[in-house]
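# Architecture and fold: a report
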Amino acid sequence: MSDAFRLDACPRVAGHFRLQWEEVQKAWVLLYPEGMVKLNGSAGEIMHRLDGVKTVQNVVEELERAFNTTGLAGDVLDFLVIAQRQGWVRG
Amino acid sequence: MSDMKSSVGQAGLPLWLLAELTYRCPLHCVFCYNPVDYATTGPELSTQDWLRVLREARAAGSVQCGFSGGEPLVREDLEELVAEAHRLGFYTNLLTSGVGLTKERATALKQAGLDHIQLSFQDSTRELNDFLSHTKTFDLKRRTAGLIKAHGWPMVMNCVIHRLNIDYIAQIIDLAVELGAEYLELANNQYYSWAQLNREALLPSREQLERAERITNEYREKLGDRIRIFFVVPDYYETRPKKCMNGWGNVFLTVTPDGSALPCHTAKMIKNVEFPNVRHMSVDYIWNHSDGFNLFRGFEWMKDPCRSCPEKEKDLGGCRCQALMLTGDAANADPVCAKSAHHAVIEQAVAQAQVPDAQRVNVKPLVFRDPKASRELAAAPALQGQR
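Thresholds applied
- Residue positions are given per chain, counted from 1 along the sequence in the order it is written.
- Each chain takes a letter, starting from A, and each ligand takes a number, starting from 1, following the order in which they are written.
- Given that this is a predicted model, residues contribute local features only at a pLDDT of at least 70 and side-chain atom pairs are listed and counted only at 80 or more, while totals for whole chains, interfaces and linings are drawn from all residues.
- Hydrogens are left out, water is left out, and the side-chain values use all remaining heavy atoms of the structure.
- pLDDT measures how confident the predictor is about each residue, on a scale from 0 to 100.
- Per the convention used, a helix needs a DSSP run of H or I reaching at least four residues, while a strand needs a run of E reaching at least two, with both numbered from the N terminus.
- Whenever a helix is involved, its axis is fitted only over the stretch in contact; in every case the axis is a line through C-alpha atoms, and angles between N-to-C directions fall within 0 to 180 degrees.
- Working definition: roughly parallel below 35 degrees, roughly antiparallel above 145 degrees, roughly perpendicular at 65 to 115 degrees, and oblique for all remaining angles.
- Handedness of a helix crossing follows the sense of rotation of the near helix relative to the far helix, less than a right angle counterclockwise being left-handed and clockwise being right-handed.
- Any two residues having at least one pair of non-hydrogen atoms within 4.5 Å are treated as being in contact.
- Three classes are used, and their members are as follows: Ala, Val, Leu, Ile, Met, Phe, Trp, Tyr, Cys and Pro are nonpolar, Asp, Glu, Lys and Arg are charged, and the others, Gly among them, are polar.
- Any Lys or Arg side-chain nitrogen located within 4 Å of an Asp or Glu carboxyl oxygen qualifies as a salt bridge.
- Burial classes: relative accessible area under 20% of the type maximum marks a residue as buried, over 50% as exposed, and values in between as partly exposed (1.4 Å probe, protein chains only).
- Accessible area that two parts lose when put together, evaluated with a 1.4 Å probe and summed over both, is termed the buried area.
- As used in this structure description, the phrase polar contact means that two N or O atoms lie within 3.5 Å; if the pair is within protein, one of them must be able to donate a hydrogen and the other to accept it, and residues adjacent in sequence are counted only when both atoms belong to side chains.
- What makes two strands pair is DSSP finding at least two bridges between them.
- For a helix, the expected span equals 1.5 Å multiplied by the number of residues minus one.
- Two rings from Phe, Tyr or Trp (for Trp, the six-membered ring) form a pair when their centres are within 6.5 Å of each other. A pair whose planes differ by under 30 degrees is stacked, one over 60 is edge-to-face, and the rest are tilted.
- Seen with its strands pointing away from the viewer, a crossover is right-handed when the path leading from the first strand over the helix to the second is clockwise.

## Things to note about the confidence of the model for chain A
Per-residue pLDDT for chain A averages 92, and the proportion of residues at 70 or more is 97%. Strand β2 (residues 18-22) of chain A holds the highest mean pLDDT among the elements of chain A, 97, whereas strand β5 (residues 89-90) of chain A holds the lowest, 92.

In structure tokens:
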């Protein structure tokens, strides 16, 4: 496992995971061979913005605009540590 | 499926659709979970029926779709069904022995949007020697694994573990690593259907099981992230039952080749329940309103010791099929539970499994899954359960 992401990193959803919005569950889910992880609201909002092009800083700014708030960088970076440990994202 | 069970906390949607396209199969596995009377069931659903089932299940919230059987590659419309499932937004899994997966079909399945292939070891016990000597089976597996890799699919290898192959667990892991699998499921046999008929020959001893677990752990340590190895423990060696299917009608929907909709793939053995059929009812109605699916939901159906048990929410009383097979009543506690009045039947089977092969007398010959045996068993229902 590599170190935590920095604000200039461009993470994306890892290889064999597929992220999709499930209307019936009203949630973002990660799909993989014979399994599924249902993401909570904030995890979904972060994950679906990770496209391997946007930086973490871009994602933080987008979220702050979308939810009309500030100071989300810490939360986003904390989530990315967990997501990377689970193998859901890579740099 | 084990992952799905642990990662889905919330109840109530048919998240997992198991589409058993056919009972036809080129193999004769002695541990097969298809019903022993499979050869006498009705005609298979048509392509149009399956396309409708896929659409209805997706609308009801299904998101994982497993194409299974029998051997699903026997169906010539597999590619068409996978394509529709993909278009609908399913994550599509093919559960196969690899027999019939040609280069052409692999390419067509990739184009159709197939997400994943679970390759089972072709260990039908007739072929055990071949399997262990890495000859014909290994050639087939290597070809199939090569196709899976070449098409960029993640590969899960699945091997049903039992008394006759458990001592070769190291060779099985070596083979999975050599073929480049990302995941290996060492699934200890569960004793239903054909496996139940052959239980005496298939249930490993405690010593065999402990050795296999120890070796598996050593491999996990040695191999690290290279391959994820799941080891599914046989419930006969537990004193509390498994939370079977994560609850009756809670996550899983199985549709059998003839269209029966079941809360699990072996539930049809519960003969006093009339299970719905997708030919006559919509998936939504089946899931939410049919008697078969509501029967063992919640806690009302429970008898003691489950009804008053503080652990009832944890395991939901275990497996209804196992309760039926071993106690005669599907609403009883799963006899794996030490609190069950019938737990002695499990203890007896376990005790018998400790007798070394050389000292065994009158072991019944293995019954291989084939149409002839199936028709005979269907005509002699007394043989179906082992009380």
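## Considering the packing of helix α2 (residues 47-59) of chain B against helix α3 (residues 78-88) of chain B
All names here are of chain B. Following both chains from N to C, one finds α2 and α3 inclined at 20°, their axes separated by 10 Å at the closest point. In terms of orientation, α2 and α3 fall into the roughly parallel class. The interaxial crossing formed by α2 with α3 has right-handed handedness. Every residue of α3 that contacts α2 at T47, W50, L51, L54, R55 and R58 is listed here: E80, L81, E84, A85 and L88. Residue composition of the contact of α2 with α3, by class: six nonpolar, one polar and four charged.

## Focus on the pattern of salt bridges
Taken as a whole and judged by the stated rule, the model has 27 salt bridges over all chains. K26(A) is the salt-bridge partner of E23(A), the closest N and O atoms lying 2.5 Å from each other. Assessed through its relative accessible area of 56%, K26(A) is described here as exposed. For E56(B), the salt bridge is made with R52(B), and the minimal N-O distance between the two is 3.2 Å. A residue pair is termed a helical-turn pair when its members lie 3 or 4 positions apart in one helix, as E56(B) and R52(B) do in helix α2 at four residues. The partly exposed category is assigned to R52(B), whose relative accessible area is 24%. Each of E45(A), R49(A), K54(A) and E62(A) takes part in salt bridges that share partners, so that together they form one network.

## Comments concerning the interface of chain B and chain A
Residue-level contacts link 30 residues of chain B with 13 residues of chain A. Here chain B packs against chain A, burying approximately 1,700 Å² in sum over the two surfaces, 53% of which is carbon and sulfur. Scanning the region where chain B abuts chain A turns up two salt bridges. For R58(B), the salt bridge goes to E22(A), with nearest N and O atoms at 2.7 Å. The interface formed by chain B and chain A includes nine residue pairs in polar contact (both at pLDDT 80 or more). Where the side of chain B that touches chain A is concerned, the elements lending two or more residues are α1 (2-7), α2, β3 (91-96), β4 (116-120) and β6 (183-188) of chain B. Looking at the side of chain B that touches chain A residue by residue, the classes come out as 16 nonpolar, nine polar and five charged.

## Section: the sheet that holds strand β4 (residues 35-38) of chain A
Residue and element names in this part refer to chain A. Taken in spatial order, the three strands line up as β2-β3-β4 in an open sheet, and their pairing is antiparallel. Looking at the sheet topology across the chains shown, the edges are occupied by β2 and β4. The sheet shows a mean angle of 30° between the axes of neighbouring strands, direction not considered. Two elements, β2 and strand β3 (residues 27-32), share five bridges in a ladder whose sense is antiparallel. Looking at the pairing, R18 lines up with L31 of β3.

## Overview of α2(B)
Helix length check: α2(B), at 13 residues, gives a terminal C-alpha distance of 19 Å against a target of 18 Å (1.5 Å per residue), a fit within 8%. Taken as a whole, α2(B) has its buried residues at D49(B), W50(B), L51(B), V53(B), L54(B), A57(B) and R58(B). Looking at the buried side of α2(B), the elements it contacts are β2 of chain A together with β1 (16-20), β2 (64-68), α3, β8 (252-255) and α11 (283-289) of chain B. Looking one or two places after α2(B), you find G61(B), whose phi comes out positive at around 115°.

## Remarks on the side chain of S374(B)
With respect to the helices, strands and loops of the structure, S374(B) is situated in helix α16 (residues 371-379). Ignoring sequence-local partners within four residues, the contact set of S374(B) consists of V36(B), D37(B), Y38(B), A39(B) and W194(B).

## Notes on the packing of aromatic side chains
Here the distance between the centres and the angle between the planes together describe a pair of aromatic rings. Residues and elements named next belong to chain A. Enumeration over the complete set of coordinates arrives at eleven aromatic pairs over all chains. On the numbers, 5.8 Å between centres and 70° between planes, the contact of W21 with W28 is edge-to-face. The exposure class assigned to W21 is partly exposed, which follows from its relative accessible area of 39%. Note on W28: relative accessible area 21%, which makes it partly exposed.

## Thoughts on the packing of helix α2 (residues 56-66) of chain A against helix α3 (residues 73-85) of chain A
Residues and elements named next belong to chain A. Here α2 crosses α3 at 125°, and the two axes come no closer than 10 Å. Accordingly, the angle class assigned to the pair α2 and α3 is oblique. As α2 packs across α3, the resulting crossing turns out to be right-handed. Listed contacts from α3 to V56, V60, L63 and E64 of α2 are A73, V76, L77 and L80.

## Re the pairing of β6(B)
All names here are of chain B. Burial within β6 is extensive, with six of its six residues counted as buried. The alternating pattern of β6 places Y183, E185 and A187 and L184, L186 and N188 on opposite faces, both of which are buried. One ladder, built from six bridges, connects strand β5 (residues 155-161) with β6; its direction is parallel. Residue pairing across strands places V156 opposite Y183, the latter belonging to β6. On the question of chirality, the crossover connecting β5 to the parallel β6 by way of helix α7 (residues 169-179) is right-handed. Across five bridges, β6 lies against strand β7 (residues 228-232) in parallel orientation.

## Details of the side chain of R163(B)
Residue and element names in this part refer to chain B. Structurally, R163 can be placed in the loop between β5 and α7. Judged by its relative accessible area of 7%, R163 is buried. Among residues more than four places away in sequence, those in contact with R163 are E200, A201, L202, L203, P204, S205, Q208, A353, V355, P356, D357 and R360.

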